[in-house]
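Below are the chains, spelled out letter by letter.
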Amino acid sequence: MAALARPSLGRPPSPPELARLVELEGLCAALWELKPGAQCLGRLRVRSAGRTRDLLLGGESFVRGGVGMIDWEQAPLAEVFFANEVGDEYEVELDDDHAIEGEVLARELLVVAAGRLAVVDDGELRFVRVESGGDAAVCWRVEPSQLRSPLVPRDSRERDRVSSPIEVELDPVQRGAVELEPGCSLLILGEAGFGKTTVALHRLARLRAQARRERPKPQFRALVLVPTPGLRNLLTALLERLGVDDAEVETFAGWIAAQGRRAFRDLPARDSRDTSLAVSRVKRHPALLELLPRIVAKTEAMRELEAGYRDDERVKIRDDLLHLFGDRALLDELVASSGGELTAGMAAQVIAHTKIQFSPTSEQRYAHVDADRLQTVDGLAIDEATPDQDAESLDVEDFALLFELERLRRGKNPKLARYDHVLLDEGQEFAPVEFAVIGRALAARGSLTLAGDANQQVDETLRFCGWERALDELGVATRTQRVTLKESYRCPPALEDFARRVVDPQAGAGQQSGGVAVDDPALCFTPAAHELDLLARLSAALAELRRRDRLASVAVVCRRAASSRRMYALLERAVDCRLVVDGDFRFTPGISVTCVDAIKGLEFDMVVLPDLNAASYAADAASRRALYVAATRAMSRLWLLWAGRPSPLLQAAGVELDALGRSPGAPRRA
């Protein structure tokens, strides 16, 4: 369902239920007497070693004056709250030699508002305080629990659906794009889930088959470039299903680094590990291309420096990077020409980073010292995990710039590999200088397929240059057929409508309903009172889903990698799941905890977005695109949750937040 109706006020509590509520109020009051204002998020009652204990869940662990509290994130016993139901026996390992055993007697989520207990939910019933001046019984009403899972298992039709984007029947528009003449390049545009990757892969397979029929001996060389490891792994598997096992499928970062190290001698062997977003943004900015001819012609500072070289010294191609990124005057010009997209602070970060990269490592500085005296206790390099760990290193963005500088000097890149066909998927994530180098990797009669969607551009180091500029930089603008796909093959209609409204709030302006579809099992929004509430709902729903629909693939997608690592640490206490931020998706049933940057081009049966708060998804274009990408990974279900203030993108997209009910902790009027 797309919106939850506000529950109607139910019956008053029975005497045993009222006694439990009074007991919980007493526990909270005792806590606040010891620690005024302390968090009181849940209660866990256990029987262990013949003793019954009541433990409140909050932000710290302590036992004082008969009151016990455990840190809901860190305490080992907090695992019992998430992983067990009332009546379950549990065992929690503390270390190799010690464990805690017991039985769960009671388990409730608590919500506090205005300094008093406002909501108690035990998974079966929900007790809500109402504003009334009467006796205690009148101050509470009983409703159905709101903790029941909204993730409806897939029906037989959904389970029988072909999951592979390869094993589908192409529609006429798709078929026409696949069957274009071999020498023609192709630009494939379309919304998420419209089959862009499917068309691109089928075209590559067709071109390869045609080439083998016409010239069986010479090898048909194909290159597939993508921005992320996860998409690389998926496309490798899909091509194998099409019988294509000899194409090079690489991330652009991996491919350009390999090409650069093969083409240029005397480069540092180490890749940088501490490159900031600001540095990457500067090195990928289109305005930087205007400065490269100045480096080739040599600036005054470069000529002065080279005049001081000894006769046995020679200019290295890497020195161009030092002149480009170590010259404050040049970087000031770059900032001024960037239209406000780059700042003086970013330029300062580039200069500081460049200084480290062109500094010797500690091992080099102390080469005169006995080698055994330079050994570290942990066996790592001396500079590891220090501000100098990027000494004598290169950024991945440097390789494309080196190729472009060489082209400006020599008119070509003779050492760049050549391919009969190049496929770029998720093309909106490439920079102009990267397009230029890729275009020069095409063989004389080679063709290129470029697929993408500008609305899915989520790399924070880049502003997409546009499709016409991309084709110009690739060198294929005059021989490219442009195809826009119009049919959706992935997302349910309600989910697709929501995603369009996210990326373009005006998309639903002409619709009669005016808002996001209501009562559709494909789409659900859930506000949580606090993070423990959110984690309890999520862990219970995922555990139930694994019991009822074991073959479903589920992605819990956080906005950023750091958030996904924290979410995994919390979820794995209760459900079997994997953390995937490096692209190592298995593409099999199960639960993956990941982030938006890692899932471009992928799809899952169900997607959960657990951090739809204003901090993670602000009211800006980058957040709209990130939410659009995350939402459109789902083939059957999308569940959005948040604790705290919801993202403003929800209301802008037409989600009726009032229909979701008041804040879960807000008192209600009888």
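Throughout this document, residue positions are counted from 1 along each chain, in the order its sequence is written. Local features are withheld for residues below a pLDDT of 70 in this predicted model, meaning they are given only at 70 or higher, and side-chain atom pairs are given and counted only at 80 or more; totals for whole chains, interfaces and linings count all residues. Side-chain calculation: all heavy atoms of the structure are included, whereas hydrogens and water are not.

### A few points about a negative patch on the surface
As a reminder of what qualifies: Each patch groups residues whose relative accessible area exceeds 30% and which form no salt bridge, using 9 Å between like charges and 5 Å between nonpolar side chains of Val, Leu, Ile, Met, Phe, Trp and Tyr. The accessible surface values rely on the Shrake-Rupley method and a 1.4 Å probe; as for residues, cover is taken only from the protein chains in view. Whenever a carboxyl oxygen of Asp or Glu lies within 4 Å of a side-chain nitrogen of Lys or Arg, that contact is scored as a salt bridge. Counted as positive: Lys and Arg. Counted as negative: Asp and Glu. His and the chain ends are not counted at all. By convention, the point assigned to a charge is CZ for Arg, NZ for Lys, CD for Glu and CG for Asp. Helix and strand definitions here come from DSSP, where helices need a minimum of 4 consecutive H or I residues and strands a minimum of 2 consecutive E residues; each element is numbered from the N-terminal end.
A surface patch of negative charge is lined by Glu 89, Glu 91, Glu 93, Asp 95, Asp 96, Asp 97 and Glu 101. In terms of residues, the negative patch owes the most to one element, strand E5 (residues 89–93), which gives three residues.

### What to know about the domain arrangement of the chain
Under the convention used in this document: Segmentation into domains, and thus their bounds, comes from an automatic or database assignment. Contacts are residue-level and defined by heavy atoms, with any inter-residue pair within 4.5 Å sufficient. Once two parts are joined, some of their accessible surface, as seen by a 1.4 Å probe, is lost; buried area is that loss totalled over both.
Segmenting the chain into domains produces domain 1 (15–144), domain 2 (172–254 + 415–484), domain 3 (265–401) and domain 4 (493–659). Of the residues lining the interface, 15 residues belong to domain 2; the matching set on domain 3 comes to 10 residues. Of the roughly 1,200 Å² buried where domain 2 meets domain 3, counting both sides, 58% is carbon and sulfur surface. Across the domain 2-domain 3 interface, the total number found is three salt bridges. Linking Glu 434 and Arg 284 is a salt bridge whose minimum nitrogen-to-oxygen distance equals 3.0 Å. Those elements giving two or more residues to the side of domain 2 that touches domain 3 turn out to be helix H16 (432–439) and helix H17 (467–474).

### As for the packing of H16 against H17
This is how the line gets drawn: Comment: axis = line fitted to C-alpha atoms, over the contacting stretch for helices; angle = value between 0 and 180 degrees taken between N-to-C directions. What sets the label is the angle itself: under 35 degrees gives roughly parallel, over 145 gives roughly antiparallel, 65 to 115 gives roughly perpendicular, and the rest give oblique. In this classification, Asp, Glu, Lys and Arg are treated as charged, Ala, Val, Leu, Ile, Met, Phe, Trp, Tyr, Cys and Pro as nonpolar, and every other residue, Gly included, as polar.
For the pair H16 and H17, the least separation of the axes is 7 Å and the interaxial angle reads 40°. The angle between H16 and H17 places the two elements in the oblique class. Here H16 contributes Pro 432, Phe 435, Ala 436, Ile 438 and Gly 439 to the contact with H17, which in turn contributes Arg 469, Ala 470, Glu 473 and Leu 474. Across the contact of H16 with H17, the residue classes break down as six nonpolar, one polar and two charged.

### Thoughts on the nonpolar core
Nonpolar side chains in soluble globular proteins tend to end up buried together. Applied cut-off: The set of buried Ala, Val, Leu, Ile, Met, Phe, Trp, Tyr and Cys residues whose side-chain atoms join them within 4.5 Å is what this entry labels a nonpolar core. Each residue is assigned to one of three classes by its accessible area relative to the maximum for its type, calculated with a 1.4 Å probe on protein chains only: buried under 20%, partly exposed between the two thresholds, exposed over 50%.
Ranked by internal contacts, the top residues of the largest apolar core, which has 68 residues, are Phe 498, Phe 525, Leu 609, Leu 627, Leu 638 and Leu 640. There are two domains that each give this core at least three residues, and those are domain 2 (172–254 + 415–484) and domain 4 (493–659). In terms of nonpolar packing, the next biggest core, distinct from the first, is built from 59 residues, Ala 263, Leu 334, Phe 435 and Val 476 among them.

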